[in-house]
Amino acid sequence: MLYPHLASQDPEIHAAIMAELARRSEGFDLIPSENVTQTGVLEALGSILTDKYSEGYPGKRYYGGNEHIDVIENLARDRAKALFGVTHANVQPYSGSPANQAVYMALLNPGEKVMGLSLSFGGHLTHGHGVNFSGTFFESHPYSTGEDGWINYDEVEKQAKEVRPKLLVCGTTAYPRALDFVRMAQIAKEVDAFLLADISHIAGLVVAGVHASPVGHADVVTTTTHKTLCGPRGALILCNGLPSMPLKAVPKTRENIPTLVDRAVFPGLQGGPHNHQTAAIAVALKHAASPEFKIYGAQVVKNAKKLADALMALGCKLVTGGTDNHLILMDVTPFGIGGAVAEVALGKAGLTVNKNTVPYDPRKAFDPSGIRFGTPAMTSRGLVEKDMEFISEIMHAALTHADDETFLAALKTRVTALAAQHPPYIDL
Ligand SMILES: *Cc1c(COP(=O)(O)O)cnc(C)c1O
């Protein structure tokens, strides 16, 4: 039995975990921010490290007994630096949102101006949305995409010249196209803003060399570790500059970014780092540096392009008419349904996606016009281009029969047959 101690100590939680594993095994997760980690990552995450306190940084701790924790955090930092080609990495942020919060705290004073892609056009909550800290404690001037769904860099430049933000944010959660970090860096320079590249969704593609890297262009790079990077939940903050001196207050200049970031993470925002998570991040970074990972990242993009082409061949309407990355946005209104109904219908067919707004969406966020999906988790389970034909047929069939429970159940049987050949955790 899997997790036998848990089964005896807490049968209710054990049962729910087993049910979740079964749910995933019977279908495919197409949510583009999700993935399947290696079992070594899961083991590090479930290890005894969770019991240790180690506020501070390697060699500069506020608690004793941290000699082995220092080894782990140094390995994670060194692997992150080598993988992304930066001189400084902070591996302690609890997740992507706190990592961005730390960057704001490091570089800005409260009330200063930020300019990021609006949430309803594919940006993230932490890029200046009104209900988030980033739009509450800072003055947010979000930019949009064009009517065609593409970021129009000339428009971003025009707006940046009017707004003169202190921080320009380049990063997306629902954008199917490659980002132009070189152009964003030019714009930031023109208006004397810091540039934050938040590559949470695409970090694995950057590492695999199938998306351009922001390193050398952005002042700071943040990424989650649990999306295309295939790691545990967590985040990295990557930058270049003078060596970090976390015990010293320094002015908010570019060369001081490593120190500013370290001080913002701890003691600015967080207390003790999650050492089990740091260890699991280190394991994931080792995997991400392997030759297989390059193949994986390239396959994620090949699968997404294939899935997009196959769906368009079936008449589906995709935002921007395709994808450059791991993600696809589809307008489902031509099927006579909204995103909420589409999400439920696909779920019944064994494919998990999420409802999402499309640019200039006339519908509301809780029932928008679109769905968002992608290939990172399916690719981790070994699906290749020919399987994308199958997935596209199932998706199209489910969307055309969204109210036919029997039909959807029959589709799920077919999906489960393929899923059974590609279990999410082979060696669990
Ligand atoms: C996922 C994501 C985040 C936030 O990550 P959490 O771990 O959910 O807090 C931040 N920025 C972008 C671009 C993301 O895609």
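Here we summarise the structure given alongside this text. Only a predicted model underlies this, so the values are computations on that prediction, with no experimental measurement involved.

Rules behind the numbers
- Residues numbered from 1 in each chain as written.
- Predicted model: local features only at pLDDT ≥ 70, side-chain atom pairs only at ≥ 80, totals over all residues.
- Heavy atoms only, no water.
- Helix = DSSP H or I, 4+ residues; strand = E, 2+ residues; numbered from the N terminus.
- Rg over C-alpha atoms; globule rule 2.2 N^0.38 Å.
- Buried < 20%, exposed > 50% of the residue type's maximum accessible area, 1.4 Å probe, protein only.
- Contact = heavy atoms within 4.5 Å.
- Areas by Shrake-Rupley, 256 points an atom, 1.4 Å probe, with all protein chains shown as cover.
- Lys, Arg positive; Asp, Glu negative; His and termini not counted.
- Charge placed at Lys NZ, Arg CZ, Asp CG, Glu CD.
- Core = buried A, V, L, I, M, F, W, Y, C linked by side-chain atoms within 4.5 Å.
- Domains from an automatic or database assignment.
- Salt bridge = Lys/Arg side-chain N within 4 Å of Asp/Glu carboxyl O.
- Expected span 1.5 Å × (residues − 1).
- Phe/Tyr/Trp six-rings, centres within 6.5 Å; stacked < 30°, edge-to-face > 60°.
- Pairing = 2+ DSSP bridges.
- Axes fitted to C-alpha atoms, helices over the stretch in contact; angles between N-to-C directions.

**A closer look at the overall build of the protein chain**
- When helices and strands are tallied, the protein chain shows 16 helices and 15 strands.
- Relative to the compact-globule value of 22 Å for 428 residues, the protein chain shows a C-alpha radius of gyration of 22 Å, a close match.
- Taking the principal axes of its C-alpha atoms as reference, the protein chain extends roughly 65 × 60 × 35 Å.
- Burial analysis of the protein chain (428 residues in total) assigns 55% to the buried set.
- For the protein chain, the proportion of contacts with a sequence separation of at least 24, taken over those separated by at least 6, is 71%.
- Of the roughly 17,600 Å² of accessible surface on the protein chain, a fraction of 56% belongs to carbon and sulfur atoms.
- Each charge class in the protein chain can be summarised by its mean position, and for the 37 positive and 43 negative side chains these summaries are 4 Å apart.

**Remarks on the nonpolar core**
- Counting 50 residues, the largest nonpolar core has F84, M184 and L236 as the members making the most contacts within it.
- Here the element with the most residues in this core is helix α8 (residues 181–190); it accounts for five residues.
- When residues of this core are sorted by domain, at least three fall in each of domain 1 (43–288) and domain 2 (291–420).
- With residues near it in sequence (within four places) discarded, L236 still touches A80, F84, N90, V91, V221, T222, T223, T225, L229, I281 and L285.
- Counting 35 residues, the second largest nonpolar core, distinct from the first, contains A308, I337, A345 and M395.

**Regarding the pattern of salt bridges**
- Enumeration over the complete set of coordinates arrives at 20 salt bridges.
- In this structure, the salt-bridge partner of D78 is K81, at a minimum N-O distance of 3.6 Å. Of the two residues, D78 and K81 are both situated in helix α4 (residues 67–84); the distance of three residues between them amounts to about one turn of the helix.
- Judged by its relative accessible area of 26%, K81 is partly exposed.
- E155 serves as the salt-bridge partner of K158, at 3.9 Å between the closest nitrogen and oxygen. You can see K158 and its partner E155 sitting in helix α7 (residues 153–163), three residues apart, about one turn around the helix.
- With a relative accessible area of 43%, E155 lands in the partly exposed category.
- Each of D154, E157, K161, R183 and E190 takes part in one network of salt bridges that share partners.

**Considering helix α12 (residues 291–313)**
- Across its 23 residues, α12 extends 33 Å between first and last C-alpha, which sits within 8% of the 33 Å expected from 1.5 Å per residue.
- By the burial criterion, the buried members of α12 are F293, Y296, G297, Q299, V300, V301, N303, A304, L307, A308, A310 and L311.

**A closer look at the packing of aromatic side chains**
- What the rule picks out here adds up to six aromatic pairs.
- For the pair Y62 and F266, a centre-to-centre distance of 5.8 Å together with 55 degrees between the ring planes defines the contact as tilted. Of this pair, Y62 sits in the loop between β3 (60–61) and α4 while F266 sits in helix α10 (residues 257–269); the two residues are 204 residues apart in sequence, bridging distant segments of the chain.
- A relative accessible area of 53% places Y62 in the exposed class.
- Relative accessible area serves as the criterion here: at 10%, F266 is assigned to the buried category.
- Taking the centre distance of 5.3 Å and the plane angle of 75 degrees together, the rings of Y104 and F133 count as edge-to-face. Within this pair, whereas Y104 is found in helix α5 (residues 96–107), its partner F133 is found in helix α6 (residues 133–136), the two being separated by 29 residues in sequence.
- You can call Y104 buried: its relative accessible area is 0%.
- Owing to a relative accessible area of 15%, F133 belongs among the buried residues under this scheme.
- Aromatic rings pair up to connect Y104, F133 and F138 into one cluster.

**Some points on unusual backbone geometry**
- Of the consecutive residues F266 and P267, the connecting peptide bond is found in the cis state with omega at 10 degrees.
- Relative to the helices and strands, P267 is located in helix α10.
- With a phi angle near 60 degrees, D192 is a residue other than glycine that sits in the positive phi range.
- Looking at where D192 falls in the secondary structure, it is placed in the loop between α8 and β8 (194–198).
- Backbone geometry at Y360 places phi at a positive 55 degrees, although glycine is not the residue there.
- Examined against the element boundaries, Y360 turns out to sit in the loop between β14 (354–356) and β15 (370–374).
- Residue classification places Y360 among the partly exposed positions, given a relative accessible area of 41%.

**Topic: the sheet that holds strand β12 (residues 327–331)**
- Across the sheet, which stays open at both edges, the four strands sit in the order β11-β12-β15-β14 with antiparallel pairing between neighbours. Whereas interior strands pair on both sides, the edge strands pair on one side only; in this sheet they are β11 (317–318) and β14.
- Packing of helix α13 (residues 339–348) onto the sheet brings it into contact with β14 and β15, and relative to β15 it is tilted by some 40 degrees.

Taken by themselves, the reported measurements are silent on function.
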